[in-house]
Number of protein chains: 2
Amino acid sequence: MKLNRKETAELIKAMEGDILITTHKNPDGDAVGSSLGWYNFLKKLGKSVKIVYRDRIPYFFDYLPNVNEVEVAEEIRREFDWVIITDVSEPKRTGFEEIPAKRSLVIDHHITAEPFTNYFIVEPDISSTCELSYYIMKLISEELIDRSVALPIYTGILTDTGSFNYSNTSLDTHLVAAELLKKGVEPYTVYTSIFERNRINRYKLLELVLKTLKFALDQRVAHITLFRKFLEETGAYPEESEGFINYPRSIDGVEVAVFFKEIEENFWKVSLRSKGKINVAEVAKNLGGGGHRMAAGYEKRGSIDKVKEELFKELELAFEKEYYESIS
Amino acid sequence: MKLNRKETAELIKAMEGDILITTHKNPDGDAVGSSLGWYNFLKKLGKSVKIVYRDRIPYFFDYLPNVNEVEVAEEIRREFDWVIITDVSEPKRTGFEEIPAKRSLVIDHHITAEPFTNYFIVEPDISSTCELSYYIMKLISEELIDRSVALPIYTGILTDTGSFNYSNTSLDTHLVAAELLKKGVEPYTVYTSIFERNRINRYKLLELVLKTLKFALDQRVAHITLFRKFLEETGAYPEESEGFINYPRSIDGVEVAVFFKEIEENFWKVSLRSKGKINVAEVAKNLGGGGHRMAAGYEKRGSIDKVKEELFKELELAFEKEYYESIS
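In this text the structure is predicted, and so the values were computed from the model without any measurement.

Thresholds, definitions, all that
Residues numbered from 1 in each chain as written. Chains lettered and ligands numbered in written order. Predicted model: local features only at pLDDT ≥ 70, side-chain atom pairs only at ≥ 80, totals over all residues. Heavy atoms only, no water. Helix = DSSP H or I, 4+ residues; strand = E, 2+ residues; numbered from the N terminus. Buried < 20%, exposed > 50% of the residue type's maximum accessible area, 1.4 Å probe, protein only. Core = buried A, V, L, I, M, F, W, Y, C linked by side-chain atoms within 4.5 Å. Contact = heavy atoms within 4.5 Å. Pairing = 2+ DSSP bridges. Axes fitted to C-alpha atoms, helices over the stretch in contact; angles between N-to-C directions. Buried area = accessible area lost by both parts, 1.4 Å probe. Salt bridge = Lys/Arg side-chain N within 4 Å of Asp/Glu carboxyl O. Polar contact = N/O pair within 3.5 Å; in protein donor to acceptor, adjacent residues only side chain to side chain. Least-squares fit on C-alpha atoms with pLDDT ≥ 70 in both. Left-handed = near helix turned anticlockwise from the far one by under 90°. Domains from an automatic or database assignment. UniProt positions renumbered as here; feature names shortened; annotations may be inferred. Phe/Tyr/Trp six-rings, centres within 6.5 Å; stacked < 30°, edge-to-face > 60°. Lys NZ or Arg CZ within 6 Å of the ring centre and 35° of its normal. Parallel < 35°, antiparallel > 145°, perpendicular 65-115°, else oblique. Nonpolar A, V, L, I, M, F, W, Y, C, P; charged D, E, K, R; others polar. Expected span 1.5 Å × (residues − 1).

1. Thoughts on the environment of tyrosine 323 of chain B
Residue and element names in this part refer to chain B.
In step 1: The topology assignment puts tyrosine 323 in helix H11 (residues 304-327).
In step 2: Here tyrosine 323 falls in the partly exposed class, since its relative accessible area comes to 46%.
In step 3: In this structure, the C-alpha to C-alpha distance between tyrosine 323 and isoleucine 278, residues 45 residues apart in sequence, is 9.9 Å.

Listed below in structure tokens is the structure:
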């Protein structure tokens, strides 16, 4: 059942019994921020609540209050009365085969969302699940939003808006940020914690990945590739390539940026970024993935050449479609 | 004479005759934003106003309204009744030998500021000259702040706060941003205009500069070097190294980042960034430069080895001072 903000607030206020909170695999800032924000908020509301992820939290989120209370597990072993799933709409994308809960609620902002839960609120026009969560929390109790809630919420807004730069940033996003700063968030502390704790290995890796930078489809597409051997050569971790896709994306004239990451032999994780004209969520969906209009991805088995060929064909169709729409 | 915001507003409202607006050499976002913001605002206020820079405006600010009305000249050839100098306090740092104006006003936020003008308002606690200018403009006439004023003002706030991330970002900075978005600023348009129009040459240059990344003073200092030959090898422009200092700065444990740029043989431009503990404005001042606590710089003649040695000695003293202050 689709809910509006007020109905969601009422539903959460009325929740009884044991509540589980979880989010998607490979949790990013908005996933960690929204789930941990709700965890800290619901504890203050007097609820019995547990937070469990399938994957571990990236180290650069270690400044978040109660981040150590997040349990990482391969399966959910006991039954809950409720599960709240944030920042993702399909239960299987949580990474858990099964979530034993009597009732379920999704809070999300992804457009490919097709929730299979009992209740859901999905607002694709909003910057982040964190911003949406903040509005719902305010309807429940503004005074319970202290620094331990504000800090994760701010984190998700910051990372999903690319520091208030992407097109999902609204006037209201800045007003929320101002309110969160009033609650004790120090922007520079968050910034340095997330973005200024790199190892030099990251930049050795960047050096190698930049060498792979190439164009396709008349320079409208720029792509980079991370081969597994680069990780061995530099001693970098896979997650240290976070943000590298911004390099091809930021080149003048490029409409779509692509990052091919070799997960294992002949298995690729492909990330797509659009500058606005092309809907990469649609492209990713056609190839078995999903995401937002401007940021999407999918996984594919095969040689790098075949994976590239298949993607460029799909992108060519997307460019043609965009062209015919623009002249019609 | 030192003025507060209200006095500055009154002074500007009462200005008569021809007004010249200028800013510092190598204008950055806050310099261009504040001077052009005032230019567009004062025209709407019905003033007779000219805007002249010593150096040309970087191409990525070409989206700013009336940017083509900025005149670039080696000297100011006629006399003005007033000159308004934004984002810099010493007239000589405008790059002009002499500014023939009967009266002068400085609007700035730099702590090393020692204004030699008739009137000045310098608020070092504020994010940017643009944010300060916005408050003064509001005192003059809120309704004159249309998109042509809001866009340059937003630009300076964005670039000087590192996209609302640096410690100079306050609750009020976000409230101002919200008001500017209401006036028609589209964050993503500004972002892509400034940050996503790179040439591939920039990343070829980055590849070479990253190879020079080294540590000093027990890894508390990380530094990179741009030799002129790198520009020849990659076909990159000098200004395409903008932002490279964020790479050494963003390494875990690094307190001070340094970027040595070879301007001509044995002549170096040295940029300094602090993560908070060290006041690099003081370090730069001791070496003949200036700036903010967190971002400063200076120029020096000599071999790279001598320039490095001299700087590292100065930084060592700064670290010692910080250490004794922290334990006393």
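From this point, the narrative continues.
2. Focus on the nonpolar core
The nonpolar side chains of a soluble globular protein tend to be buried with one another.
In step 1: Judged by nonpolar contacts, the single largest core of 106 residues is most densely connected at Trp38 of chain A together with Trp38 of chain B.
In step 2: Residues contacting tryptophan 38 of chain A, with those up to four places away along its chain left out, are Ile12, Ile21, Thr86, Ile107, Ser133, Ile136, Met137 and Ile140 of chain A.
In step 3: Tyr203, Ala222, Leu226 and Tyr247 of chain A belong to the second largest nonpolar core, which has 40 residues in total.

3. What to know about the sheet that holds strand E12 (residues 295-301) of chain A
All names here are of chain A.
In step 1: Spatially, six strands are ordered E7-E8-E9-E10-E12-E11 in an open sheet, and the strand pairing comes out mixed. If you trace the sheet from one side to the other, it starts and ends with strand E7 (214-216) and strand E11 (290-291), each paired once.
In step 2: Sheet strands in contact with helix H11 (residues 304-327) are E7, strand E8 (221-226), strand E9 (256-264), strand E10 (267-274) and E12, and its direction is about 155° off that of E9.

4. Things to note about the interface of chain A and chain B
In step 1: The partner chain B presents 40 residues to the 40 residues of chain A that form the contact.
In step 2: Across the chain A/chain B interface, buried area totals approximately 3800 Å², and carbon plus sulfur atoms make up 60% of it.
In step 3: The tally of links between chain A and chain B comes to four salt bridges.
In step 4: Note that glutamate 207 of chain A is salt-bridged to lysine 211 of chain B, the shortest N-O span being 3.1 Å.
In step 5: Between chain A and chain B we count 22 residue pairs in polar contact (both at pLDDT 80 or more) in total.
In step 6: For the side of chain A that touches chain B, the secondary-structure elements that each account for two or more residues are helix H4 (147-160), helix H5 (171-182), helix H6 (187-195), helix H7 (200-210) and helix H9 (246-249) of chain A.

5. Comments concerning H7 of chain A
In step 1: Counting buried positions along H7 of chain A gives nine out of 11 residues, so the element sits mostly inside the fold.
In step 2: For H7 of chain A, every residue scored as buried is listed here: Asn201, Arg202, Tyr203, Leu205, Leu206, Glu207, Leu208, Val209 and Leu210 of chain A.
In step 3: Residues of H7 of chain A that are buried make contact with E8, helix H8 (228-234), H9 and E9 of chain A together with helix H7 (200-210) and helix H9 (246-249) of chain B.

6. Description of the sheet that holds strand E7 (residues 214-216) of chain B
Residue and element names in this part refer to chain B.
In step 1: Reading across from one edge, E7-E8-E9-E10-E12-E11 is the order of the six strands in this open sheet, with mixed pairing throughout. In this open sheet, the two strands that pair with only one neighbour each are E7 and strand E11 (290-291).
In step 2: Pairing geometry for strand E9 (residues 256-264) and strand E10 (residues 267-274), over eight bridges, is antiparallel. Within the sheet, the bridge partner assigned to valine 256 lies in E10 and is serine 274.
In step 3: Here H11 sits on the sheet in contact with E7, strand E8 (221-226), E9, E10 and strand E12 (295-301), set at roughly 155° to E9.

7. A closer look at the relation of the copies chain A and chain B
In step 1: Take chain A, turn it by 180°, move it 0.0 Å along the axis, and it overlays chain B with an RMSD of 0.0 Å. Taken together, the rotation angle and the small translation identify this as a two-fold axis.
In step 2: Residue by residue, 100% of the interface of chain A is reproduced at the interface of chain B, so both copies engage with the same surface.

8. Quick notes on the pattern of salt bridges
In step 1: Summed over the entire model, instances satisfying the criterion amount to 37 salt bridges over all chains.
In step 2: The partner of arginine 197 of chain A in a salt bridge is aspartate 62 of chain A, with the nearest N and O atoms 2.9 Å apart. One end of the pair, arginine 197 of chain A, is in the loop between H6 and H7; the other, aspartate 62 of chain A, is in the loop between strand E2 (48-53) and strand E3 (71-72), and 135 residues separate them in sequence.
In step 3: On the basis of relative accessibility, which here comes to 18%, the residue arginine 197 of chain A falls in the buried class.
In step 4: Here aspartate 62 of chain A falls in the partly exposed class, since its relative accessible area comes to 45%.
In step 5: Ionic contacts of the salt-bridge type, sharing partners, join the residues Lys204 and Glu207 of chain A together with Lys211 of chain B into one network.

9. Brief notes about the packing of H4 of chain A against H6 of chain A
Residue and element names in this part refer to chain A.
In step 1: Contact geometry for H4 and H6: axes closest at 11 Å, N-to-C directions at 65°. In this structure, the crossing between H4 and H6 has a hand that is right-handed. From H4, Leu151, Tyr154, Thr155, Leu158 and Thr159 reach across to H6, where they touch Pro187, Val190, Ile194 and Phe195.

10. Considering the domain arrangement of chain A
Often, the extent of an interface is quoted as the loss of accessible area on bringing the components together.
Residue and element names in this part refer to chain A.
In step 1: Annotation of chain A at the domain level lists domain 1 (5-195) and domain 2 (200-327).
In step 2: Centre-to-centre separation of domain 1 and domain 2, based on C-alpha positions: 27 Å.
In step 3: Contacts between the two partners involve eight residues from domain 1, matched on the other side by 10 residues from domain 2.
In step 4: Interface area, domain 1 with domain 2, both sides summed: about 810 Å², of which 52% is carbon and sulfur.

11. Quick word on the side chain of threonine 8 of chain A
In step 1: Looking at the element boundaries, threonine 8 of chain A is found in helix H1 (residues 5-14).
In step 2: With residues up to four places along the chain from it excluded, the contact list for threonine 8 of chain A reads Leu3, Leu105, Ile121 and Ile136 of chain A.

12. Looking at the UniProt feature "domain: DHHA1" (unreviewed entry) in chain A
In step 1: UniProt's entry tags residues 233-316 of chain A with the feature "domain: DHHA1" (unreviewed entry), counted in the numbering of this structure.
In step 2: Taken as a whole, residues 233-316 of chain A contains 31% helix and 31% strand, while its terminal C-alpha atoms sit 35 Å from one another.

13. So, the packing of aromatic side chains
In step 1: Tallied over the entire structure, the rule returns 31 aromatic pairs over all chains.
In step 2: When the centroid spacing of 5.6 Å and the interplanar angle of 45° are considered together, the rings of tyrosine 191 of chain A and phenylalanine 195 of chain A count as tilted. You can see tyrosine 191 of chain A and its partner phenylalanine 195 of chain A sitting in helix H6, four residues apart, about one turn around the helix.
In step 3: Here phenylalanine 244 of chain A and tyrosine 247 of chain A contribute two aromatic rings whose centre-to-centre distance is 6.3 Å and whose plane-to-plane angle is 70°, an arrangement assigned as edge-to-face.
In step 4: An aromatic cluster of three or more residues is present, and its members are Tyr154 and Phe164 of chain A together with Tyr154 and Phe164 of chain B.
In step 5: Note that arginine 220 of chain B overlies the ring of phenylalanine 319 of chain B, its terminal NZ or CZ placed 4.2 Å from the centroid.

14. Regarding the environment of tyrosine 188 of chain B
In step 1: Structurally, tyrosine 188 of chain B can be placed in helix H6 (residues 187-195).
In step 2: By relative accessible area, which is 11% here, tyrosine 188 of chain B ends up buried.
In step 3: Those residues in contact with tyrosine 188 of chain B, other than ones at most four positions away along the chain, are Asn165, Tyr166, Ser167, Arg249, Ser274, Lys275 and Met294 of chain A together with Glu196 of chain B.

15. Side note on the packing of H5 of chain A against helix H5 (residues 171-182) of chain B
Angle between the axes and distance between the axes: these two values describe a pair of packed helices.
In step 1: Between H5 of chain A and H5 of chain B, whose axes approach to 8 Å, the crossing angle comes to 170°. As far as their axial angle goes, H5 of chain B and H5 of chain A are roughly antiparallel. Here H5 of chain A contributes Leu171, His174, Leu175, Ala177, Ala178, Leu181 and Lys182 of chain A to the contact with H5 of chain B, which in turn contributes Leu171, His174, Leu175, Ala177, Ala178, Leu181 and Lys182 of chain B.
In step 2: Its residues assigned to classes, the contact of H5 of chain A with H5 of chain B comprises 10 nonpolar, two polar and two charged.

16. Comments concerning H11 of chain A
Since there are 3.6 residues in each turn of an α-helix, residues three or four apart along the chain are aligned in direction.
Residue and element names in this part refer to chain A.
In step 1: The terminal C-alpha atoms of H11 lie 34 Å apart, and with 24 residues this matches the ideal 34 Å at 1.5 Å per residue to within 8%.
In step 2: Taken as a whole, H11 has its buried residues at Ile304, Val307, Lys308, Leu311, Phe312, Glu314, Leu315, Ala318 and Phe319.
In step 3: Along its buried surface, H11 packs onto E7, E8, E9, E10, helix H10 (280-286) and E12.

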